[in-house]
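The chain contents come next:
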Amino acid sequence: MSPINSEHNSAQGASEELPVRRPLSVEEVRERLAAHGGPRYWRSLEELADSEAFRQLVSEEFPSEAHRWLDPISRRQFLQIMAASLALAGLSACAQRPREAIVPYGSQMPEQLAEAAPLFFATAFELGGYFQPILAESHMGRPTKIEGNPDHPASLGAASVFAQASVLDLYDPDRSQVIQKQGSIRAWGEFLQEIRSFVETQRASRGSGIRILTRATSSPTLTHEIRKFLDEFPEAKWIAFEAVNRDAVYAGTRLAFGQPLEPVYRFADADIVAAFDCDFMFAEPGALRYACDFAARRNVFENPRGLNRFYAAEPMPSCTATLADHRLPVTAARVGILVRGLAKLIGLPVEVPALQPAEQRWLEALAEDLKDHRGAGLVVAGQQQPAEVHALAHAINHALDNLGKTVAYMPPVLSSPSNHYEQLEQLAKDADAGKVQLLIVLDANPVAEAPAELKLAERFEKIAMRVHCGTHFDETAEACVWHVPAAHYLESWGDGRAYDGTLSLRQPLIAPLYGGKPTLELVAALRGALGQTAYDLVRTYWRENSGAADFEAWWRSALHDGFVRDSAPAPQSVHLALDYKSLPAPKESSGIEVVLRPDPSIYDGRFANNGWLQELPKPITKLTWDNAVHLSPGLAQRLGLRDEDEVAVEFNGHKVVGGAVIVPGHADESVTVHFGYGRRMAGRVGNGLGFSVAHLQSVSAPWQCSGAKVQRTGRRYPLARTQMHFNMENRHLVRTATLAEYEKDPNFVAHVAHEPPPASLYPPHKYDGYTWGMAVNLAACIGCNACVVACQAENNIPVVGKDQVLRGREMHWLRIDQYFEGSPENPAIHNQPVNCMQCENAPCEPVCPVQATVHDDEGLNAMVYNRCLGTRYCANNCPYKVRRFNFLEYQDWKTPSLKLVRNPDVTVRQRGVMEKCTYCVQRISHARITANNEGREIRDGEVLTACQATCPTNAIVFGNINDPNSQVARLKALPLNYGLLTELNTRPRTTYLGSVRNPNPKLMDQETPEKA
């Protein structure tokens, strides 16, 4: 085990070095609340109860005894982390372009004539088989940053947290670099010769011993190539496996309409939305577009149709449900019962088990709302719910005349086989029976991601020839005979479809760094089509199938735009054919339920070696570098658990051990764990982190199980959580109101503030040119973290590791503060992005002894790094706690290849200086140069900060506040606009719009949080 892994897993060592704080038990929290009520908004149970641990944390933010926080061995560990996250061992700092012609996005000069200028290329990032359209920024042939494609209907310019971080995977030094056969390096020609010979031995049996295993795919070309191989070997089988799959979604439409279909939701047209265990703004294939459309209906000031109303029922709070008007914590097993109850209330012939009074009241209010908004309501179910729940959701939408209005149905986007877990189980059985002689695994890792009961590593040993093609030598590669490095998506050609069926073409920005092979080329080679590149295969397929009269014009247009316009299929005409009597009865969970979900940062484990994502504070819990056992305050009280108690979860004779995290709003009698951790062969960053949940999964129940036992082990498990870091002590930071309160008093945000700031002794500075500012709409932020990763990629922000996060030294320039309102059992949740406020009267400036932080002539609070001495006076004087200090040499200055991943437009900071948000001043400079060259002013919207550009809900707006017609100026003129801590007379340039929600008055007396 490397020192990095020892650092992450040694609870004893971490607790000896760091100050130990004893978290309150839930009983103690309740006692303190009974005594004094607590604040209206709170970030943790300790703050809610005003515990000694919370007071100590606040007082020690800038400790006088610095030696208590220093780790003499950490510098070596940080260099290892940075090397594993960013460095490219053995690779020169030059990058080669693809051999084929690629087309830049936008009206820019040819790439050959603009060597030093950054160019953008339209391409696509794939997750779960669905394409997410993106623009990749290229500096002299090397990709450095991902943006969303603003022209694509599936994203409208947004990019997910996974797409933002994917550029780091391209430069991962732990990527596979050579072809191997049982540990020895071999040549590509030798591999082809042996595999082709083995394939030929299967010709007599028509390929009955061949299995091809891929992830889910929507690629027409890859599907075509595999089917051509299957035509030649008709008894061979194609298997697809994704731990996070759409099986239940397709099965649900088959139950409801007699055929598998792709539901496409239109949240912009929905007045009433009900989500049943469905994180549709973060975890669904259409999340980027759904988040944009939904957030547009939460705009109280620019929304002609009025605010929508949102109901959510789920086991653990999700990003989506942080915007819910009414959220109901329920176990995953009871979600199906609630859907049945709703179906019954709107008149469908279903039987419903007994409902609890709170559930009945919640459903009655929802049903009445939906019936009052026929044709403008929408009921959605999460892909982890069983097929019958999806079928009932479709039946409810059908009964309420929502079909064709708020939901449409397309042909399935995924062209790969379905029933992922069943197929994998059948493969294991066939291997046991000796029916498989050749297994080809393409860019998948089933050994690490499948339920442990399948014992795939053992069963693969019974297959004579096993081939793995992947970007990393992972757990599945270890179980195979041959391993072939795969090309990263930014290195390879391809095609695929977005969630709505829109066709995208993927073009590479860089030649394969390590000679990786696209999976398309490997499949073609299996059938003897040697020498054909992925470029040839994609072009040939679309030359024959595009239907274009001028193919070259069609091809160039598709590459330029990143997609084929108007290529989404027309909605299908459907007829409900659901047999209500044949639906299986919902099963109540017995004992404690374990809910298994993909991790919000590393997904199913494929991003485990990505340092940006490992250090990203997860939504709701703000946990980094680990997974945990999440449970409700009520269950924690019953089990006698505190945060960071080590707990054992036992099920079917198997046990997993991890740290406990008490989550306000979690359902009782349920615990949530995230898969993707416990990897052995992820790489130097991801190995050994957290625990694997494979023993809790089964083929029949991959998403949840009931009857588990949860108990303390008596040990502590330190978790690096950032929830209480940089705490501003609840000084009226988030401001919210109901729609009724807003209509009664549109200036409600002003009444929350303290006394107005005193008049300044100094006259205000007059800005004749640009004056930059930002407005953040709290009603739209879902806390998805895409802005945090975008800021990190844009500004070369380093990874520091778990030990330093435990010490409160994370380097993110932008953080998402999360506030809870109400009781711990079911609080409202509010998200607040916080970056540098760019104060007009900046408290950091007068205390700097060397004038390293100064105001420029456009109102920006700038940092001059080569002046900074690291006194930290500015950080001590910042009430917003948005400055970061380079305690140690987090950046690797010795590896020239780091130039490949860094943004050359942003200075890389050395040890001992302060860092902070600069409103992406490098982007302002680019726009200024362009405008000056064209003899004009910078247009509104021409400068997009990294956080603003990627935000799926458009919650962040930036621009020139001197221009009264700019969007940011219009927002700042609204009565909802307010600044943080304005009573200190800092006059921040970053301001916020108070959040207005639209609760049902009939549920208000039950759910309205008590206001202290």
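Before any of the text, the structure's been laid out above.
An account of the accompanying structure is given in this report. Just so it is clear, the model here is predicted, and its values are computed rather than measured.

1. Focus on helix α9 (residues 220-232)
Moving on, step 1. Along its 13 residues, α9 runs 18 Å from first to last C-alpha, staying within 8% of the 18 Å computed at 1.5 Å per residue.
Moving on, step 2. Those residues of α9 that sit buried are P220, T221, L222, T223, E225, I226, F229 and L230.

2. Thoughts on the pairing of strand β17 (residues 482-485)
Moving on, step 1. A two-sided burial pattern is seen for β17, the buried positions comprising W482 and V484 on one face and H483 and P485 on the other.
Moving on, step 2. Inspection of the sheet shows strand β5 (residues 179-181) paired to β17 by two bridges, in the antiparallel sense. Each bridged residue has a counterpart across the sheet, and for Q180 the counterpart in β17 is H483.
Moving on, step 3. Sheet topology places strand β16 (residues 465-470) next to β17; four bridges connect them, and they run parallel. By the bridge assignment, C469 is partnered in β17 with V484.

3. Comments concerning the packing of helix α20 (residues 534-545) against helix α21 (residues 551-561)
Moving on, step 1. One way to put it is that α20 packs onto α21 with a least axis distance of 11 Å and a crossing angle of 125°. Between α20 and α21, the interaxial angle falls into the category oblique. Between α20 and α21 lies a crossing of right-handed hand. Contacts between α20 and α21 involve Y535, V538, R539, W542 and R543 from the first element and F551, E552, W554 and W555 from the second.
Moving on, step 2. Grouping the constituent residues of the contact of α20 with α21 by class yields six nonpolar, no polar and three charged.

4. Some points on unusual backbone geometry
Moving on, step 1. With a phi angle near 50°, Q182 is a residue other than glycine that sits in the positive phi range.
Moving on, step 2. As for its placement among the helices and strands, Q182 is situated in the loop between β5 and β6 (184-186).
Moving on, step 3. On the basis of relative accessibility, which here comes to 63%, the residue Q182 falls in the exposed class.
Moving on, step 4. Of note, the phi angle at D566 is positive, near 60°, even though the residue is not glycine.
Moving on, step 5. When you line up the elements, D566 lands in the loop between α21 and β20 (592-598).

5. A short note on the pattern of salt bridges
Moving on, step 1. As enumerated under the stated definition, the model contains 56 salt bridges in all.
Moving on, step 2. A salt bridge links R211 to D430; its shortest N-O distance comes to 3.2 Å. Pair noted here: R211 is in strand β7 (residues 210-214) and D430 is in helix α15 (residues 420-432), with a separation of 219 residues, a long-range link.
Moving on, step 3. Assessed through its relative accessible area of 3%, R211 is described here as buried.
Moving on, step 4. Salt-bridge contacts for R989 lead to E840; the nearest nitrogen and oxygen are separated by 2.7 Å. Separated by 149 residues along the polypeptide, R989 in the loop between β37 (977-978) and β38 (990-993) and E840 in the loop between β31 (828-834) and β32 (853-855) bring together distant segments of the chain.

Quick notes on the rules
- Throughout this description, residue numbers start from 1 for each chain and increase along the sequence as written.
- In keeping with the predicted nature of the model, local features appear solely for residues at pLDDT of at least 70, side-chain atom pairs appear and are counted solely at 80 or more, and the whole-chain, interface and lining totals rest on all residues.
- Derived side-chain values reflect all non-hydrogen atoms in the structure, with water molecules and hydrogen atoms excluded from consideration.
- Numbering of helices and strands runs from the N terminus; a helix is a DSSP stretch of H or I covering at least four residues, while a strand is a stretch of E covering at least two.
- Under the convention used throughout, the expected extent of a helix is 1.5 Å for every residue step, that is, one less than its residue count.
- Note on classification: 1.4 Å probe, protein chains only; a residue is buried when its accessible area is under 20% of the maximum for its type, exposed when over 50%, partly exposed between these limits.
- In this analysis, strands are considered paired if DSSP registers two or more bridges between them.
- Axis lines are fitted to C-alpha atoms, over the contacting stretch for helices. Their N-to-C directions set the angle, which ranges from 0 to 180 degrees.
- Oblique is the label for every angle not falling under 35 degrees (roughly parallel), over 145 degrees (roughly antiparallel), or within 65 to 115 degrees (roughly perpendicular).
- In this scheme, a crossing is called left-handed if the near helix is turned counterclockwise away from the far one by less than a right angle; it is called right-handed if the turn is clockwise.
- Any two residues whose heavy atoms approach within 4.5 Å at even a single point are treated as in contact.
- Just so you know the grouping, Ala, Val, Leu, Ile, Met, Phe, Trp, Tyr, Cys and Pro go in nonpolar, Asp, Glu, Lys and Arg go in charged, and all remaining residues, Gly too, go in polar.
- Criterion for a salt bridge: a side-chain nitrogen of Lys or Arg within 4 Å of a carboxyl oxygen of Asp or Glu.

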